[in-house]
Amino acid sequence: MKKIAILGSTGSIGTQALDICRRHPDRYRVVALTARGSRDKLFDQVREFRPEMAGLTEGIDSSEIPEDLKFCRWMTGKEALKAAAAETDAEQVLVSIVGIAGLQSVMDALEAGKQVLLANKEALVTGGHLVTDMARRKGKPILPVDSEHSAIFQCLQAAGGNRPEKILLTASGGPFRTWDRERIEKATPAEALKHPNWNMGAKITVDSASMFNKGLEIMEARWLFDMPEDRIQVVVHPESIVHSAVVFRDGAVLAQLGLPDMRVPIGYAMAYPERLETGVKEPDLFALGSLTFTEPDEEKFPALRLAREALRAGGAACTVFNGANEEAVAAFLREEIPFGEIARRVEKALEALAGLKADSIGEIMDADRKAREIVRK
Ligand code: MG
């Protein structure tokens, strides 16, 4: 029986992880659940999984907790995240909260000796050096949940210790893959929110359309697999069946294939090194017939170039890239700026904040705040 804490349990990844717990009640015991504001959904989850502790980070007072749920310890605010990450007897902590708060949670969980299953991008993007250093010192490597990184991780399990020469990071290309530059410039939120293959939250769906998501994933891969950015090749693959691949020096390429369903990478991280029944079928290769691969267009999608520049610049540049993008996406979703303006705002923030340091969580949070301020102005 593995004990698991889930931070961000009412989101897309959290609910699918609970689906796996529900399928395998003999293998998983849920000991902590946290959510941001979806209190009714969290109440239902607590009722079903009966964790020892539960938390709402956006606050709740004790009079609002239903009588039948008072068997569990309720916490609020940042303290709830800290307790769920580090202060239960969970062996595994799934960090599936969204945003830079994930960095502190990952560090707390690692510090407490937990196995981190990572679905939060910001922890590695902003503090990859701190996280990987701590994971190494604690002897608890991060288990990636992001589908591409899970694919790379799965391929490396078959590598027998051989280091790959290169990573092929696949990208669906998003809904604007075939659009021209002028049309992308004026795309609306409704158009950006129509992802062809994956069903995800609004922020990450817009990031898929702009390819900022792939920029963030280059950063994640750089830290997870200790691979310089110039050996991480983005491959546009609209069918989303090959989830990524690794290239070895003998010319062999290992890839992981599957339907675009997050239950596979979530289940793999949860049961590693075993494989679980997840309710997902294998892809029907005969129905698919063919798979296509093309080179990304960095003119149309400047996010990839900006991500590589930020990685090469080091310091807090990736934090600025992330914070500026998040703020610009929010402004786009409020229909305050056009789609094409997202990348321009990020580029301006990177120029304005060149040379900022990121040696501690405090410096990272500071860089994040400054990047957001610049975009807002
Ligand atoms: Mg991904």
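Keep in mind that what you see is a predicted model, and the values were worked out from it rather than measured. (Residues numbered from 1 in each chain as written. Predicted model: local features only at pLDDT ≥ 70, side-chain atom pairs only at ≥ 80, totals over all residues. Heavy atoms only, no water.)

Student: How should the coordination of the magnesium ion be read in this particular structure?
Tutor: Metal coordination angles have textbook ideals: 109.5 degrees for a tetrahedral set of four donors and 90 or 180 degrees for an octahedral set of six. For the magnesium ion, the full set of protein donor atoms is Asp146 (OD), Glu148 (OE) and Glu217 (OE), and the range of their distances to it is 2.1 Å. Within one chain, the residues serving as donors to the magnesium ion are arranged as D-x1-E-x68-E. According to the relative accessible area criterion, Asp146 is buried, its value standing at 12%. (Donors = N, O, S within 2.8 Å, 3.2 Å for Na, K, Ca; no water. Buried < 20%, exposed > 50% of the residue type's maximum accessible area, 1.4 Å probe, protein only.)

Student: For this particular structure, what's the right way to read the nonpolar core?
Tutor: The tendency in soluble globular proteins is for nonpolar side chains to be buried as a group. Core analysis: the largest hydrophobic core is formed by 123 residues, its most contacted members being Phe321 and Phe339. In terms of residue count, helix H14 (residues 317-333) provides more of this core than any other element does, nine residues in total. With residues up to four places along the chain from it excluded, the contact list for Phe321 reads Phe212, Gly215, Leu216, Met219, Ala303, Leu306, Ala307, Ala310, Val346 and Leu350. (Core = buried A, V, L, I, M, F, W, Y, C linked by side-chain atoms within 4.5 Å. Helix = DSSP H or I, 4+ residues; strand = E, 2+ residues; numbered from the N terminus. Contact = heavy atoms within 4.5 Å.)

Student: Is there a simple way to explain the sheet that holds strand E6 (residues 115-118) in this structure?
Tutor: With parallel pairing, seven strands are arranged side by side in an open sheet as E4-E3-E2-E1-E5-E6-E7. With one partner strand each, in any of the chains shown, strand E4 (73-76) and strand E7 (143-144) form the two edges of the open sheet. The pairing of strand E1 (residues 2-7) with strand E2 (residues 28-35) spans six bridges and is parallel. Opposite Ile6, over in E2, you have Leu33 as the bridge partner. (Pairing = 2+ DSSP bridges.)

Student: I would appreciate a short explanation of the domain arrangement of the protein in the present structure.
Tutor: Interface extent is often summarised as the accessible area lost during association of the parts. Along its sequence, the protein is organised into domain 1 (2-144), domain 2 (149-291) and domain 3 (314-377). If you average the C-alpha positions of domain 2 and of domain 3, the two centres end up 24 Å apart. Taken residue by residue, the interface counts 18 residues in domain 2 and 17 residues in domain 3. Carbon and sulfur atoms make up 79% of the area that domain 2 and domain 3 hide from each other, which totals about 1,400 Å². Joining domain 2 to domain 3, the criterion identifies one salt bridge. One salt bridge connects Glu185 with Arg344, and the closest N-O pair in it is separated by 2.9 Å. Along the contact surface separating domain 2 from domain 3 lie four residue pairs in polar contact (both at pLDDT 80 or more). Contributions of two or more residues to the side of domain 2 that touches domain 3 are made by helix H7 (181-185), helix H8 (189-192), helix H9 (202-210) and helix H10 (212-224). The dominant element in the side of domain 2 that touches domain 3, judged by the number of residues it contributes, is H9, at six residues. Looking at side-chain class alone, the side of domain 2 that touches domain 3 contains 12 nonpolar, three polar and three charged residues. (Domains from an automatic or database assignment. Buried area = accessible area lost by both parts, 1.4 Å probe. Salt bridge = Lys/Arg side-chain N within 4 Å of Asp/Glu carboxyl O. Polar contact = N/O pair within 3.5 Å; in protein donor to acceptor, adjacent residues only side chain to side chain. Nonpolar A, V, L, I, M, F, W, Y, C, P; charged D, E, K, R; others polar.)

Student: Just to check I follow, could you spell out the pairing of E1 for this structure?
Tutor: Put simply, side chains in a regular strand alternate between the two faces of the sheet. The handedness of the E1 to E2 crossover, carried by helix H1 (residues 12-23), is right-handed. Judged from the four bridges that link them, E1 and strand E5 (residues 92-95) form a sheet pairing that is parallel. Counted as the bridge partner of Ile4 is Gln92 from E5. (Right-handed = clockwise from strand over helix to strand, strands pointing away.)

Student: How should the packing of aromatic side chains be read in this particular structure?
Tutor: Two aromatic rings, taken as a pair, are described by how far apart their centres are and by the angle between their planes. Under the defined criterion, the tally for this structure stands at eight aromatic pairs. Taken together, a centroid distance of 5.2 Å and an interplanar angle of 55° make the contact between Phe153 and Tyr272 tilted. Placement of Phe153 in helix H6 (residues 147-157) and of Tyr272 in the loop between helix H11 (263-271) and helix H12 (285-288) is noted, with a sequence separation of 119 residues between them. Using a relative accessible area of 14% as the deciding quantity, one classes Phe153 as buried. Look at Tyr272 and you get partly exposed, because its relative accessible area is 26%. (Phe/Tyr/Trp six-rings, centres within 6.5 Å; stacked < 30°, edge-to-face > 60°.)

Student: Mind showing me how you'd approach the side chain of Lys121 here?
Tutor: Examined against the element boundaries, Lys121 turns out to sit in the loop between E6 and helix H5 (122-138). Among the residues examined, Lys121 registers a relative accessible area of 11% and is labelled buried. Among residues more than four places away in sequence, those in contact with Lys121 are Asp146, Ile204, Asn213, Leu216, Glu217 and Glu220.

Student: Got a minute to help me understand helix H2 (residues 39-49) in this structure?
Tutor: Along an α-helix, a turn takes 3.6 residues, which lines up residues three or four apart on a common side. Buried within H2 are the following residues: Leu42, Phe43, Gln45, Val46 and Phe49. All buried residues of H2 project into a common sector of 165° when viewed along the axis, lining one side. Looking at the buried positions of H2, the neighbouring elements they touch are H1, E2, strand E3 (53-56) and E4. Positive backbone phi, at 50°, marks Arg50, one or two positions downstream of H2. (Arc of directions from axis to C-beta.)

Student: Would you explain the sheet that holds strand E8 (residues 166-171) in this entry?
Tutor: Strands in a sheet are paired, the pairing made by backbone hydrogen bonds, and the direction either parallel or antiparallel. A sheet is described by the order of its strands in space; here four strands give the open sequence E9-E8-E10-E11, paired in mixed fashion. Edge positions in the sheet fall to strand E9 (232-236) and strand E11 (253-257), since each of these pairs with one other strand and no more. With strand direction ignored, the average angle separating the axes of adjacent strands in the sheet is 20°. With five bridges joining them, E8 and E9 adopt parallel strand pairing. (Axes fitted to C-alpha atoms, helices over the stretch in contact; angles between N-to-C directions.)

Student: Whenever I open this one, helix H15 (residues 341-352) confuses me. Can you help?
Tutor: Counted at 1.5 Å a residue, the expected span for H15 with its 12 residues is 16 Å, and the 16 Å between its end C-alpha atoms agrees. Restricting attention to buried positions, one finds in H15 the residues Glu341, Ile342, Ala343, Val346, Ala349 and Leu350. Where H15 is buried, its residues meet H7, H9, H10, helix H13 (303-313), H14 and helix H16 (361-376). (Expected span 1.5 Å × (residues − 1).)

Student: Sorry if this is basic, but what is going on with the packing of H13 against H15 here?
Tutor: For any two helices packed against each other, one specifies the crossing angle of their axes together with the interaxial distance. The geometry of H13 relative to H15 is characterised by a closest axis approach of 11 Å and an angle of 15° between their N-to-C directions. Judged on the interaxial angle alone, H15 and H13 are roughly parallel. Along this stretch, H13 crosses H15, giving a crossing that reads as left-handed. Seen from H13, the contacting residues are Arg305, Leu306 and Ala310; seen from H15, they are Ala343, Val346, Glu347 and Leu350. (Parallel < 35°, antiparallel > 145°, perpendicular 65-115°, else oblique. Left-handed = near helix turned anticlockwise from the far one by under 90°.)

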